[in-house]
Amino acid sequence: MAAVLWYSRDRNYKAELEACCLEAVPVEFGDFHPLKLITVTESKTKKVARKGSTSSTSSLSSNSVVDPLSSMLDGSDPLSQFAAFSDPLAPTVMTAGKSNANMDLSKKQRDKDEDTTVGNDFEPWAGKRSYILARYTTTEKLSINLFMGSEKGKATSPGSAVSEKVRTRLEELDDLEEGSQKELLNLTQQDYINRIEELNQSLKDAWATDQKVKALKIVIQCSKLLSDTSVIQFYPSKFVLITDILDTFGKLVYERILSMCAGSRASFPGVSAPDNIGPDEVNETAKETCLNWFFKIASIRELISRFYVEVAILKCNTFLSKTGISETLPRLTSMIRGIGDPLVAIYARAYLCRVGMEVAPHLKDNLNKNFFDFLSTFKQALLTEMMDRCKKLGNNALLLNSVMSAFRPEFIATRSMDFIGMIKDCEESGFPKHLLFQSLGLNLILSDPPENDRLQILNEAWKVITKLKNPQDYVNCAEVWIEYTCRHFTKREVNTVLSDVIKHLTPDRAFEDAYPQLQSIITKILDQFHDFAVLFSMEKFLPFLDMFQKESVKVEVCKSIMEVFIRQQQELTRDPVILNALMHICKTMHDSVNALTLEDEKRSLAVLISGFIRMVSFGRDFEQQLSFYVEARSTFCNLESVLIQLTHCVNQLAMETRKVMKGNHSTKTAAFVRACAAYCFITIPSLTSIFARLNLYLHSGQIALANQCLSQADAFFKAAISLVADVPKMLNIDGKMRTSEGFLLEFLNNFFSTLLVVPDHPEQGVLYLVRGLLNVIQDYIWEDHTDTKVRIYINVLHLLAASSQETYLYHVDKVDSNDNLYGNDPKFLAEINKLSETLIGQILDHLKTLGKDETMKRQSALALSLFNSIVSHGDLQNNKLNQLAVNLWNLAQKHGFADTKIMVRTLEHIKRQSKQPGMSHFADLTLRLPLQSRT
């Protein structure tokens, strides 16, 4: 193919931008908005069904859009509509709107009355239930008795005699607790839950198949499980799971009897009975069935099972008597007295209260008597009585410690001075005093003592603690009381405690055996002191840190300090006390890095150190800020990501200087930004990641250019060009080897965008940086199966086309780019065209090599890419360039690999461009661009 000269077309960037902008359309208030609610109005028009008819049963207002959900539900929210039917016992919605409204009002009134009855502070069971299941878990093995089922429980056929049916059910009742169970042992918690769920499902299945006695057997068996407290920490969750089954059973029985009352009220014809039906409206059959259930339950021999099952159907008493529930509650309360295990008894009372509040909230006072009965049954020891007993026994230390461990912290804190007096009077033998002070301290960190007693408490306690000879006993007490000191006193008292800890643990290097307690002390101090100026002004804080001689422990402590600093420090700081202390801490972390340190650990340390660096600011004292960065570079030289952070910080410092000077540097600030550039130029080569170096060279060069440091910018760009040749073919990314060409292509595209505004050096040739980069790209060994180099050449054509414009698309403030230097000089344009011709020749030569079957698809894609570049940037009034474009169009379609949709859209774009001013020759071009079919 003959050589083709490149001719760039003149671009009017402003006009093109305006042409691409969307047309602004004013929107008046009230017009349709996509988030506006849709209004659906019912039409009065009667639908006439006939073939071909397009009429509808509903019509919309002019501003509304049909919503299928809203149109089906008369405009209401489908979830709200369905919620009205969520209660299976709720009455069917009536067609009469007035009656429906009356029912809603009555329901709201009932809800309001119930809220008034139970009080606003009443906590619903649903919220408590999930908390219990999440809180009370176990890893111990559990056991359960599974109901095996029986053929006796199946429903009899319709033709069976009534007497036979009654006899069979009596036999089943006799068999309730005999031979129908199988014990499963060594179950995990999840296995246990699965078995309970199986029992729950078996209950529902039995009820659905009219096996009522079998359902009762399952409920009795499940309630028996509540007598087992062998795994006591899981008992609350077991209580929740079992009572779920009891609730299901109670609901099934109630609904069954309620359904037998259907039609009892004339005002509700054809619908299920309302939930608030009275005993006078219950028919005899329903009453007989209800009594039958209570008689069955009364025949259960075991107290716990009989109690729980009767409570489950407590609501059914409303079918028998208006006062049925209120009469039953005292009897059930008395039944609980027969349960010997206190834990089982208190949970039984809890279930009675819960069900009672659900079915009869107006009987709240009766339910409160349930727990008053519990209090009268189990006499509670009062704290003052126990304290008096300790004194009568001569202040028995073991009993005193038990009292402080058993009672609530606020009770102990209120009487803390009394306890200190009792501790002082205790005998040392048998139970040491320091353990008593440790127990007292644990209470005081959970509840505050009276303010006037706080200092005296600390003094009295520390008089005993500081006399301890055993370092381990001492540090155990100090670990507790340091938190009390931090909560109620200033840095002076905390510093005194730290000094005392150092004094006790330094001899014989006793601190080596107390690292966990010392770490706990640091953690507690950090939890209370968030002002690091106060923290680091403590004279003994850093000496306290020096006791962590084991490197791994010391690094963990330093990390914990830095994590709190980064999380709590809200403002930038220049406080020398903070900076010196944190530099020491960060240096400790940095110096722990060696060849064996894992990458994750390095990353973790670097994040903390970088966070510290970002929090340091000397305000307008930029020179001091740069000095800090210089010191940080020498201190943290082994962490690459920290060096990268420092480079970015210095570049940001240069831009802040430019901002302060509004781009007009003085002699002093010009020298300062050059010093910043020098810092970056020295730091970047020490990095091992080649793409980190490339990107920082480019970024630093852009910063230097923005600050009119042209020679420094040239140095950065030349360093980047030289480094491109060293880019390896493969990179290790997250442990996997991947080709680097994609990353290199992205970097080079960014680089070329910058080179557009970089002015040529007066002693160098035209576009010397672009030529130098192209030489490196030419010599670079690219993968054989890729077209990366050619795609780079196509992108360079875009750069050259932009460089030939009379005014460039963008500029750097106060930097004269080549459009100002050359002024569209013909010699400059000729050099650009000559370079473009060379690139086009390289591209066309590569297209020729892709003529084989396996590379034709690549050839088609590259041909279309070059075609688009020529159409966008070339002057197609030149005949040779115009003919080249046509040839590339045909080549892209030649072997049937072109995407027809893309080709069609491209042709439509060219047709639209032909209508723009000065682009009429595009119309002739479209006539020469045929669309070939794949056939």
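In this text, all values refer to a predicted model and were calculated from it rather than measured experimentally. (Residues numbered from 1 in each chain as written. Predicted model: local features only at pLDDT ≥ 70, side-chain atom pairs only at ≥ 80, totals over all residues. Heavy atoms only, no water.)

S.K.: Help me understand the overall build of the protein in this model?
M.R.: Along the backbone of the protein there are 42 helices and six strands. Across the 935 residues in the protein, those meeting the buried criterion constitute 44%. Sequence-distant contacts in the protein: of pairs separated by 6 or more residues, those separated by 24 or more amount to 70%. Within the structure as shown, the protein displays about 50,200 Å² of accessible surface, and the carbon and sulfur contribution to it stands at 52%. (Helix = DSSP H or I, 4+ residues; strand = E, 2+ residues; numbered from the N terminus. Buried < 20%, exposed > 50% of the residue type's maximum accessible area, 1.4 Å probe, protein only. Contact = heavy atoms within 4.5 Å. Areas by Shrake-Rupley, 256 points an atom, 1.4 Å probe, with all protein chains shown as cover.)

S.K.: Where do I start with unusual backbone geometry in this structure?
M.R.: Residues apart from glycine generally show negative phi values, whereas peptide bonds are mostly found in trans. Its identity as a non-glycine residue notwithstanding, K662 has a phi of 55 degrees, on the positive side. Along the chain, K662 falls in the loop between α30 (640–660) and α31 (667–683). The phi angle at L767 is positive, at roughly 50 degrees, despite the residue not being glycine. Mapped onto the elements, L767 comes out in the loop between α34 (741–755) and α35 (768–779).

S.K.: I would appreciate a short explanation of the side chain of E310 in the present structure.
M.R.: The residue E310 is located in helix α11 (residues 303–312) in this model. Discounting residues that sit within four places of it in the chain, E310 has contacts with F294, I297, T328, R331, L332 and M335.

S.K.: Is there a simple way to explain helix α40 (residues 879–893) in this structure?
M.R.: Residues spaced three or four apart along an α-helix point in a common direction, a consequence of the helix completing one turn every 3.6 residues. Across its 15 residues, α40 extends 22 Å between first and last C-alpha, which sits within 8% of the 21 Å expected from 1.5 Å per residue. Buried within α40 are the following residues: L881, N882, L884, A885, V886, L888, W889, A892 and Q893. Summarising the contacts, the buried residues of α40 are in contact with α38 (826–849), α39 (856–873), α41 (900–913) and α42 (921–927). Backbone nitrogen of K880 and a side-chain oxygen of the N-cap are separated by 3.1 Å at the start of α40; the cap is N878. (Expected span 1.5 Å × (residues − 1). Polar contact = N/O pair within 3.5 Å; in protein donor to acceptor, adjacent residues only side chain to side chain.)

S.K.: Is there a simple way to explain the state of the cysteines in this structure?
M.R.: What makes a disulfide is a covalent bond joining the sulfur atoms belonging to two cysteines. Under the defined criterion, the tally for this structure stands at zero disulfides. Just so you know, C558 is unpaired, no disulfide at all, and the nearest cysteine sulfur is the one on C586, 8.3 Å from it. (Disulfide = S-S within 2.5 Å.)

S.K.: Looking at this structure, how should I read the pairing of strand β5 (residues 730–733)?
M.R.: Within a regular strand, side chains alternate between the sheet's two faces. By the bridge criterion, four bridges tie β5 to strand β6 (residues 736–739) in an arrangement that is antiparallel. Looking at β6, one finds that L731 is bridged to R738. (Pairing = 2+ DSSP bridges.)

S.K.: What is the right way to look at the nonpolar core in this model?
M.R.: In a soluble, globular protein the nonpolar side chains are often hidden away together inside. Formed by 198 residues in total, the largest nonpolar core has its most connected members in W481, L518 and F612. Excluding its chain neighbours within four sequence positions, the residues that come into contact with F612 are M562, F565, I566, L579, L582, M583, C586 and F628. Counting residues in hydrophobic clusters, the runner-up holds 66 residues, among them I144, Y235, I300 and I313. (Core = buried A, V, L, I, M, F, W, Y, C linked by side-chain atoms within 4.5 Å.)

S.K.: Is there a simple way to explain helix α23 (residues 515–528) in this structure?
M.R.: Compared with the 20 Å implied by 1.5 Å per residue over 14 residues, the 20 Å span of α23 between its first and last C-alpha is a close match. Along α23, the residues classified as buried are Y515, Q517, L518, S520, I521, I522, K524, I525 and L526. Where α23 is buried, its residues touch α21 (471–488), α22 (491–505), α24 (532–536), α25 (541–545) and α26 (551–568).

S.K.: So what exactly am I meant to see when it comes to the packing of aromatic side chains here?
M.R.: The description of an aromatic ring pair uses the distance of the two centres, along with the angle that the planes make with each other. According to the stated counting rule, one finds 32 aromatic pairs in the structure shown. Relative to Y308, the ring of F307 lies with its centre 5.4 Å away and its plane at 80 degrees, an arrangement referred to as edge-to-face. For the pair formed by F307 and Y308, the shared burial category is buried. Between Y822 and F828 the ring centres are 4.2 Å apart and the planes differ by 10 degrees, which places this aromatic pair in the stacked class. (Phe/Tyr/Trp six-rings, centres within 6.5 Å; stacked < 30°, edge-to-face > 60°.)

S.K.: When you look at the packing of α30 against helix α32 (residues 690–706) in this model, what are you seeing that I'm missing?
M.R.: Angle between the axes and distance between the axes: these two values describe a pair of packed helices. One way to put it is that α30 packs onto α32 with a least axis distance of 10 Å and a crossing angle of 10 degrees. In terms of orientation, α30 lies roughly parallel with respect to α32. The residues of α32 that touch α30, namely those facing I644, T647, H648, N651, A654, M655 and R658, are A692, L696, H699, S700, I703 and A706. Tallied by class, residues from the contact of α30 with α32 come to seven nonpolar, five polar and one charged. (Axes fitted to C-alpha atoms, helices over the stretch in contact; angles between N-to-C directions. Parallel < 35°, antiparallel > 145°, perpendicular 65-115°, else oblique. Nonpolar A, V, L, I, M, F, W, Y, C, P; charged D, E, K, R; others polar.)

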